[in-house]
Amino acid sequence: MQNNLQTSFCGMSLNSPIILLSGCVGFGEEYTRIKGFSNTKVGAVCLKGTTLEPRLGNKPHRIAETANGMLNSIGLQNPGTEIVIDEIMPSLKKNETKFIINISGSSVEEYGEIAKHFDDTDIDAVEINISCPNVKEGGVAFGNDPEMSFRVVEICRKNTTKPIITKLSPNQTDIAKNAARCIDAGSDGLAVINTVTGMAVDIETRKPVIGNNRGGLSGPSIKPIALLKVHQVYQVSKKYNIPIIGQGGITSANDALEFIIAGAATIGVGTALFYDPLVCEKINTGISQYLSDQSLSGVGSLVGTLQLN
Amino acid sequence: MTSSNRETISVNDCQVLAHYKYDGEQYILTLSSSEIAQKTIPGQFVHITVSDVTAMRRPISVMSVDEENGAFDLLYKIVGEGTRQLAECKVGDMLSVIGPIGNGFRVTDKKNPLLIGGGVGMPPIIAIAQQIKNNNDYNPFVILGSEVPFPFTPQPSEISNTCPSKTHTMPILEEWNVACGLASLQGFKGVYKGYVTDLAKEYLDTLSKEGLSQVGVYSCGPHPMLEAVAKLARDYNLPCQVSLEEYMACAVGGCAGCVVEVQTDDGPAMKRVCVDGPVFDAQSVFS
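As the structure is a prediction and not an experimental result, all values here were calculated from the model.

Some points on a negative patch on the surface
Residue and element names in this part refer to chain A. Together, E53, E82, D86, E87 and E113 give the surface a local cluster of negative charge. Of all the elements, helix α1 (residues 81–88) adds the most residues to the negative patch, at 3 residues. Examined against the element boundaries, E82 turns out to sit in helix α1. Looking at E82, the relative accessible area reads 60%, which means it is exposed.

Details of unusual backbone geometry
Here the residue pair A:P60 and A:H61 is connected by a cis peptide bond, since its omega of -5° sits within 30 degrees of zero. Residue placement: A:H61 occurs in the loop between β4 (44–46) and β5 (63–66). Residue B:P278 is reached from B:G277 by a cis peptide bond, and omega for that bond is 10°. Mapping B:P278 onto the fold places it in the loop between β14 (267–272) and β15 (279–281). Residues other than glycine seldom take positive phi values, yet A:C10 does so here, at roughly 50°.

Let's talk about the side chain of B:T83
All names here are of chain B. With respect to the element layout, T83 can be found in helix α2 (residues 81–86). In this structure T83 comes out as buried when scored by relative accessible area, which is 9%. In this structure the side chain of T83 is engaged in a polar contact, spanning 3.2 Å, whose partner is the backbone nitrogen of G80. Residues within four places of T83 in sequence aside, it is in contact with Y76, K77 and I78.

As for the pairing of strand β9 (residues 179–184) of chain B
All names here are of chain B. Counting buried positions along β9 gives 6 out of 6 residues, so the element sits mostly inside the fold. Going residue by residue along β9, you find A179, G181 and A183 tucked away on one face and C180, L182 and S184 tucked away on the opposite face as well. Bridging between strand β8 (residues 141–145) and β9 involves 5 bridges; their strand directions are parallel. Across the sheet, the residue bridging to V142 is C180, located in β9. Where β9 meets strand β10 (residues 192–193), 2 bridges bridge the pair, whose relative direction is parallel. Looking across to β10, one finds that A183 is bridged to Y192.

Regarding the packing of aromatic side chains
Within the structure shown, the criterion is met by 7 aromatic pairs over all chains. When the centroid spacing of 5.4 Å and the interplanar angle of 90° are considered together, the rings of A:Y111 and A:F142 count as edge-to-face. Of this pair, A:Y111 sits in helix α2 (residues 108–119) while A:F142 sits in helix α3 (residues 140–143), placing them 31 residues apart in sequence. A:Y111 gets classed as buried once you look at its relative accessible area, which sits at 0%. Here the aromatic residues B:F150, B:F152 and B:F188 are joined through ring pairs into a cluster of three or more. Residue placement shows A:R181 over the ring face of A:F150; its charged tip is 4.1 Å from the ring centre.

Section: the interface of chain B and chain A
Counting from both sides, the interface comprises 35 residues of chain B and, opposite them, 34 residues of chain A. At the boundary of chain B with chain A, total buried surface from both sides reaches about 3,000 Å², with 59% on carbon and sulfur atoms. Linking chain B with chain A are 5 salt bridges. The residue A:E65 makes a salt bridge to B:R58 at a minimum N-O spacing of 2.7 Å. Counting only elements with at least two residues in the side of chain B that touches chain A, the list comes to β1 (10–22), α1 (34–39) and β14 of chain B.

Structural notes on the pattern of salt bridges
Between side chains of opposite charge, a pair can form as their charged atoms come close. All names here are of chain A. Overall, the coordinates contain 19 salt bridges over all chains when judged by the stated rule. A salt bridge links E29 to K93, with the nearest nitrogen and oxygen atoms 4.0 Å apart. Of this pair, E29 sits in the loop between β3 (18–20) and β4 while K93 sits in the loop between α1 and β7 (98–103); the two residues are 64 residues apart in sequence, bridging distant segments of the chain. Residue K93 is classed as partly exposed on the basis of its relative accessible area of 25%.

Here is what the cut-offs are and how they apply
Residues numbered from 1 in each chain as written. Chains lettered and ligands numbered in written order. Predicted model: local features only at pLDDT ≥ 70, side-chain atom pairs only at ≥ 80, totals over all residues. Heavy atoms only, no water. Patch = residues over 30% accessible without salt bridge, like charges linked within 9 Å, V, L, I, M, F, W, Y side chains within 5 Å. Areas by Shrake-Rupley, 256 points an atom, 1.4 Å probe, with all protein chains shown as cover. Salt bridge = Lys/Arg side-chain N within 4 Å of Asp/Glu carboxyl O. Lys, Arg positive; Asp, Glu negative; His and termini not counted. Charge placed at Lys NZ, Arg CZ, Asp CG, Glu CD. Helix = DSSP H or I, 4+ residues; strand = E, 2+ residues; numbered from the N terminus. Buried < 20%, exposed > 50% of the residue type's maximum accessible area, 1.4 Å probe, protein only. Polar contact = N/O pair within 3.5 Å; in protein donor to acceptor, adjacent residues only side chain to side chain. Contact = heavy atoms within 4.5 Å. Pairing = 2+ DSSP bridges. Phe/Tyr/Trp six-rings, centres within 6.5 Å; stacked < 30°, edge-to-face > 60°. Lys NZ or Arg CZ within 6 Å of the ring centre and 35° of its normal. Buried area = accessible area lost by both parts, 1.4 Å probe.

Okay, structure coming up:
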């Protein structure tokens with residue numbers, strides 16, 4: 001791993017600024033089926049969204065391709081907190097990378113309870129998902145209301161000493177205002193953005209393609225939206241020195257660099273893995289080369305260096 | 001999932017060695033890869049980049065392998081924009097192919113395998129036939145169905161089988177000395193007019209009790225066909241494996257996008273077609 005990729009984020013020392021995004025890489029082992037893929041090449045792996053009780057998730061179809069992207073509506077299928085802690089976490093290869101648990105609740109109290117359970121584990125950080133667009137209760141309903149966001153982060157803060165990252169929804173009027181409230185409540189970092197809500201229609205059946213009717217749009221088509229949101233959130237978060245995971249449509253080193261310049265301290269990769277499972281190494285190489293070419297010692301020197309016209 | 005699953009799938013740049021179009025917008029694509037040719041078992045699939053424009057890969061079952069020349073064949077039909085773009089690729093082009101993926105068919109020791117494939121679900125059925133063609137322990141009967149012209153020229157068969165309705169066969173199966181019946185509602189020449197399950201029932205009804213006890217059913221095809229095959233297997237009390245398809249994103253189990261609901265001892269569960277399947281016990285899917 002190139003030395004200049006070492007990145008500090010929410011008190012964690014990362015091998016690379018790349019964080020693999022929740023929902024794209026299962027519980028961290030799935031992509032290691034592929035030859036040449038290694039978790040050691042990324043800074044952290046954000047595990048599948050976990051709820052207190054097991055969830056079956058939504059009915060098929062759960063995904064649909066769209067122009068330069070895809071819709072998904074998985075519905076937080078997961079085995080529940082107890083099984084994740086007792087059966088999955090012990091097999092995580094902790095020497096390979098950092099692991100972040102992504103948590104979701106259907107009430108403020110449930111978020112707090114899950115955070116408390118993971119506080120007693122060796123997980124490296126907790127990402128609070130207040131922006132899942134694909135569940136009936138909770139999810140984005142919390143994330144689009146700054147005061148509800150505050151309450152969710154606040155209860156998690158009380159219940160864990162782990163670094164907290166709050167994953168923000170792009171499906172709201174003022175993401176920066178929400179970010180400010182999450183910081184007030186004690187969030188150590190922010191993930192910007194979750195998917196953008198959308199729909200696809202089958203003209204033969206005249207039904208939505210997605211079983212849950214609607215889904216979350218990801219992939220290159222949302223990159224311009226995500227970049228602007230990162231820029232907007234950064235205007236708030238920089239005052240408090242709160243770092244951002246910039247995410248949404250990153251498929252190359254150039255994409256990643258755009259996010260870092262806009263204000264992201266680390267960058268999230270998800271949908272791009274579906275196109276090219278070995279993309280992370282290419283992104284690492286490209287970022288490292290750019291830093292060398294620009295005579296920058298590390299990613300940190302580039303964060304938020306955007307110069308507006 | 002244990003670490004023993006690590007590094008079982010490779011990312012390959014495969015050259016297009018042949019690409020033939022058949023009626024009904026069906027194509028047979030031959031790609032180079034010694035690794036996929038050697039490692040693939042029947043029922044496994046590859047996840048393939050279809051063009052520079054469309055980034056999402058498409059999961060397509062492997063139909064047959066040529067270990068000697070390091071090549072494998074895929075059969076697909078244009079069903080949307082992705083496969084339309086795949087149809088544009090030419091001999092010499094390079095395609096990124098991830099594979100082989102999935103739990104394939106578990107070919108059991110039942111001596112009378114009944115292999116039923118429909119439409120673009122024919123490939124894994126042909127792959128099983130290829131695997132067992134030289135094994136004298138088996139006495140397979142293949143039934144292929146299609147509502148568009150078959151992606152091969154049906155020819156009369158010299159191979160004896162007990163099925164009362166005699167039909168033409170697929171040339172490669174004839175070469176492999178594997179008995180076959182073709183079925184369609186379309187009235188194609190030399191093809192049984194009816195459903196694959198009608199032909200399967202005719203065949204099963206010729207077997208003795210002892211013969212029936214040695215039948216294992218393996219099937220891949222459209223969902224309604226699989227449902228009918230599962231029912232037939234249930235009626236005759238036969239073990240039955242089916243290979244399913246679903247829209248797929250990662251193909252390695254990471255995204256849970258391609259699930260199907262199956263019944264387990266612990267109640268209903270959502271299983272990933274990519275790595276928990278694509279082959280499932282028929283009665284766990286259709287009950």
